[in-house]
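# Report on the structure
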Amino acid sequence: MLRIREFELRAEEQTLAGNVVGGVHLAIGHEAVAVGVMKALKSEDYVTGPHRGHHIVIAKGSDMKNIMAELMGKATGLSGGRGGSMHMADVETGLLGVNGIVGASIVVATGAAFSAKYLGQDRVAAAFFGDGGANKGQFHESLNMASILDLPAIYVCENNEFAVETAVSYSTGVDHIAERGSSYRIPGIIVDGLDVLDVYLAAKEARLRAVQESRPTLIEAKTYRFKGHSIGDKENYRTKEEVQERMKSDPIFKLKHQLEDAGWLNEEQWNEMKLDVENEVAAAVDFALRSPLPDAATALRHVYSKEVF
Ligand SMILES: Cc1ncc(C[n+]2csc(CCOP(=O)(O)OP(=O)(O)O)c2C)c(N)n1
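Residues numbered from 1 in each chain as written. Predicted model: local features only at pLDDT ≥ 70, side-chain atom pairs only at ≥ 80, totals over all residues. Heavy atoms only, no water.

Selection rule: UniProt positions are given in the numbering used here, feature names are shortened, and annotations may be inferred rather than shown by experiment.
Looking at an unreviewed UniProt entry, one finds the protein named Thiamine pyrophosphate-dependent dehydrogenase E1 component subunit alpha, with Paenibacillus albus as its source organism. Its UniProt record, at the heading Cofactor (unreviewed entry), says of the protein: "thiamine diphosphate".

This is the structure we're talking about:
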């Protein structure tokens, strides 16, 4: 979670310095959701995510150097510098892509779960998406399909209370998105998305259900977006005081205190860990800044599945 937090802070800095191309949506406040779910998954499991996805890509195991380079549109980026912050994929780690199209992550993971079942593979597919994504047709179509076909899928809604400027209480016809699981005979589980252990336990149970019963699960992780929708958001739809208040539930400090109370972490170890993380992310920024842009002659590559140029 510290690695994600540090990455996001440096990504924000690099964006404001003009070194990043395209829109950037920070996941500060979402760290526990990605880490809790990924800890419960196996490395061979498939994962998809939405436009706000750096935390998912990092937690699934991609190298931060390539993630930062992708943000800067560099040839060494995870998607060769062509996708940017919102379109990263890493076949090596099972990340089938974060996606700028709201709702798209849900259908891709449903297809991946179908493939795993069809091929008789012992793997599951998890889709991350926001509360806004849960109001798209793809969400309902996917949950219905996963239910009738008994797919090993895990649907993880990161409910951060807003879709751009629209509050979930205004846009959503249920009190809890998890309730929607019952429309499709899918268990809908609410977890504290600011508590990594709560997320982990629910995800572990969901993976067991997927593997042993080939049945899907809907997890609604209640979290909060500590930064604007994207960098540059004026945040006129909420007050600074509200954000300050909610930041008291920072998931990283919650875990830090739990570890300290258990006697498993002291100040020295904490500082050492922070320093390691700062060095790792500084090296990623340096790598990205020094990397070349893609060769213009390759601009039309990857446009078609068959190389035609
Ligand atoms: C199909 C589609 N419609 C609209 C948009 C514009 N858009 C980008 S992010 C976003 C809100 C998404 O909200 P949510 O799913 O709650 O995720 P969050 O940004 O809160 O993480 C919208 C409407 C889009 N990218 N794709």
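Still more ground to cover, so stick around.
## Some details on the UniProt feature "domain: Dehydrogenase E1 component" (unreviewed entry) in the protein
Note the following rule: Helix and strand definitions here come from DSSP, where helices need a minimum of 4 consecutive H or I residues and strands a minimum of 2 consecutive E residues; each element is numbered from the N-terminal end.
Following the UniProt record, one finds the feature "domain: Dehydrogenase E1 component" (unreviewed entry) at residues 2–295. Between the C-alpha atoms that bound residues 2–295 the distance is 34 Å, and the span itself is 45% helix and 12% strand.

## Brief notes about the site of the ligand
Quick note on the threshold: Here a residue is considered near a molecule or strand provided that any single heavy atom belonging to it is located within 4 Å of it. Polar contacts, as counted here, are pairs of nitrogen or oxygen atoms within 3.5 Å of one another; within protein the pair requires one atom able to donate a hydrogen and one able to accept it, and residues that are adjacent in sequence qualify only if both atoms are side-chain atoms. For the area figures, the Shrake-Rupley method with a 1.4 Å probe applies, and any residue is considered shielded solely by the protein chains shown.
Residues in close proximity to the ligand total 15 residues, the closest being H51, R52, G100, G132 and F162. Contact between the ligand and G132: an oxygen atom at 2.7 Å from a main-chain N or O atom of the residue. Here N160 contributes a side-chain N or O atom positioned 2.9 Å from an oxygen atom of the ligand. Protein contacts shield 70% of the accessible area of the ligand, which totals 580 Å² for the unbound molecule.

## Points about the pattern of salt bridges
As a reminder, the rule being used: Here, a salt bridge means any Lys or Arg side-chain nitrogen found within 4 Å of an Asp or Glu carboxyl oxygen. Any residue under 20% of the maximum accessible area for its type is buried, any over 50% is exposed, and the rest in between are partly exposed; the area is computed with a 1.4 Å probe on protein chains only.
Throughout the structure, instances matching the rule amount to 18 salt bridges. In this structure, the salt-bridge partner of R207 is D45, at a minimum N-O distance of 2.6 Å. Of this pair, R207 sits in helix α8 (residues 196–213) while D45 sits in the loop between α2 (31–40) and β1 (46–49), placing them 162 residues apart in sequence. A salt bridge links K248 to E245, with the shortest nitrogen-to-oxygen separation between them at 2.9 Å. According to the relative accessible area criterion, E245 is partly exposed, its value standing at 45%. Members of the salt-bridge network, linked through shared partners, are R5, E31 and D250.

## Describing the packing of aromatic side chains
Condition: Only rings of Phe, Tyr and Trp enter the pairing, Trp through its six-membered ring, and a pair is recorded when the two centres are within 6.5 Å. The plane angle decides the type: under 30 degrees is stacked, over 60 is edge-to-face, the rest tilted. The rule is short: NZ of Lys or CZ of Arg within 6 Å of the ring centre and within 35 degrees of the ring normal puts a charge over the ring.
Scanning all chains against the criterion turns up six aromatic pairs. Residues Y224 and F226 carry aromatic rings whose centres are separated by 6.4 Å and whose planes lie at 50° to one another, so their mutual orientation is tilted. In terms of burial, Y224 and F226 fall into one category: buried. Taken together, F162, Y224, F226 and Y237 form an aromatic cluster joined through their ring pairs. Above the ring of W270, the side-chain terminus of K256 is found at 4.9 Å from the ring centroid.

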